[in-house]
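Structural description and commentary
Here's the letter readout for the chains.
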Amino acid sequence: MTTAITGAGAPPSTNSAGGAAGSQSATSALTSDFETFLRLMTTQAKYQDPLEPMDSSDYTAQLAQFSSVEQQVMTNETLTSMLSALSLSNMSQLTGWVGKEVRAQAAAHFDGSTPVAIAPNPAAVADEVKMVIYDAEENEVGRIDLPVSAEPYQWQGDNGDGETLPEGSYTFVVESYSDDEVILSEVAEVYGRVEETQSVNGEVALILESGSAILASSVTALRDPDADTGSS
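Structural notes, computed from the coordinates.

**With respect to the overall build of the protein chain**
For the protein chain, the helix and strand inventory stands at two helices and 13 strands. In the protein chain, which comprises 232 residues, the proportion classed as buried is 35%. For the protein chain, contacts bridging at least 24 residues in sequence account for 67% of all contacts bridging at least 6. About 13100 Å² of surface is accessible on the protein chain, with carbon and sulfur atoms providing 50% of the total.

Written as structure tokens, this is what we have:
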């Protein structure tokens, strides 16, 4: 199952919606207004009083408005087509990412044995750092103490109490503490293998092994699957 598109944001999960859907809605509304305007103008001409016909200047002004609305509709349709073509072009260029691992704020897939590479970024002034683990239902299932360092961490699948968690999708939130108070809490970046690329609302989305869908623009690193070095 593919989850909603994930981007940088508040823990344990974040969703974002593309702006292109709003653009399509605006175009539909404009087209509807254009059709309504055409019907009103035709009806007005059909039922005008032959003894007192519409003033020519008024008729000319309405024709100008008609032309303006028509041009707006055509311009929006052209822009929509251009955005769609650009998205498909970008998606084609990023098909080379399929099979590689990207780093982004997203859920990671744990297969029950293979370590997950996590890139924490705690606050530099923190005196204590904890990594909170959430399952696919956003339930907290573990906590692990981390060093105050941005060095990659290899999560072995444990919950911090020596128990190995089952296979599944997990999100990691890094909490930075100072004097026992949380001063920073954010979703950690993880490496995930790209399974597919999709065009979503004019942007390219990457479908990860965990089922997460992230925008290609949110990726901060790209590597071959074998390059999984880090501490544990």
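**Observations regarding the packing of aromatic side chains**
Inspection of every chain in the model, using the stated rule, returns three aromatic pairs. A centroid spacing of 5.5 Å and a plane angle of 65 degrees characterise the contact between Trp-155 and Tyr-170, whose relative ring orientation is edge-to-face. Remark: Tyr-170 occurs in strand β8 (residues 168–178) and Trp-155 occurs in strand β7 (residues 153–155); sequence separation between them is 15 residues. Judged by its relative accessible area of 5%, Tyr-170 falls in the buried class. Here the aromatic residues Phe-110, Trp-155, Tyr-170 and Phe-172 are joined through ring pairs into a cluster of three or more. Above the ring of Tyr-191, the side-chain terminus of Arg-223 is found at 3.6 Å from the ring centroid.

**Details of a negative patch on the surface**
There is a patch of like negative charges on the surface, built from Asp-127, Asp-179, Asp-180 and Glu-181. Position of Asp-179 among the secondary structure elements: in the loop between β8 and β9 (181–187). The class for Asp-179 is exposed, based on a relative accessible area of 64%.

**Let's talk about the pattern of salt bridges**
Oppositely charged side chains can form a pair if their charged atoms are brought close together. As enumerated under the stated definition, the model contains nine salt bridges in all. The salt bridge partner of Asp-224 is Lys-100, with a shortest N-O separation of 2.7 Å. Linking Asp-224 in the segment after β13 (221–223) with Lys-100 in the loop between α2 (56–93) and β2 (101–105), this pair joins segments that are 124 residues apart in sequence. Lys-130 is the partner of Asp-145 in a salt bridge, and the nearest nitrogen-oxygen pair spans 2.7 Å. Of this pair, Asp-145 sits in strand β6 (residues 140–146) while Lys-130 sits in strand β5 (residues 128–134), placing them 15 residues apart in sequence. According to the relative accessible area criterion, Asp-145 is exposed, its value standing at 54%.

**Points about the side chain of Ser-169**
Within the secondary structure layout, Ser-169 lies in strand β8. Discounting chain neighbours no more than four positions away, the residues touching Ser-169 are Ala-107, Ala-108, Tyr-134, Asp-135, Ala-136 and Ser-210.

Criteria and cut-off values
Residues numbered from 1 in each chain as written. Predicted model: local features only at pLDDT ≥ 70, side-chain atom pairs only at ≥ 80, totals over all residues. Heavy atoms only, no water. Helix = DSSP H or I, 4+ residues; strand = E, 2+ residues; numbered from the N terminus. Buried < 20%, exposed > 50% of the residue type's maximum accessible area, 1.4 Å probe, protein only. Contact = heavy atoms within 4.5 Å. Areas by Shrake-Rupley, 256 points an atom, 1.4 Å probe, with all protein chains shown as cover. Phe/Tyr/Trp six-rings, centres within 6.5 Å; stacked < 30°, edge-to-face > 60°. Lys NZ or Arg CZ within 6 Å of the ring centre and 35° of its normal. Patch = residues over 30% accessible without salt bridge, like charges linked within 9 Å, V, L, I, M, F, W, Y side chains within 5 Å. Salt bridge = Lys/Arg side-chain N within 4 Å of Asp/Glu carboxyl O. Lys, Arg positive; Asp, Glu negative; His and termini not counted. Charge placed at Lys NZ, Arg CZ, Asp CG, Glu CD.

On their own, these measurements won't tell you what the molecule is for.
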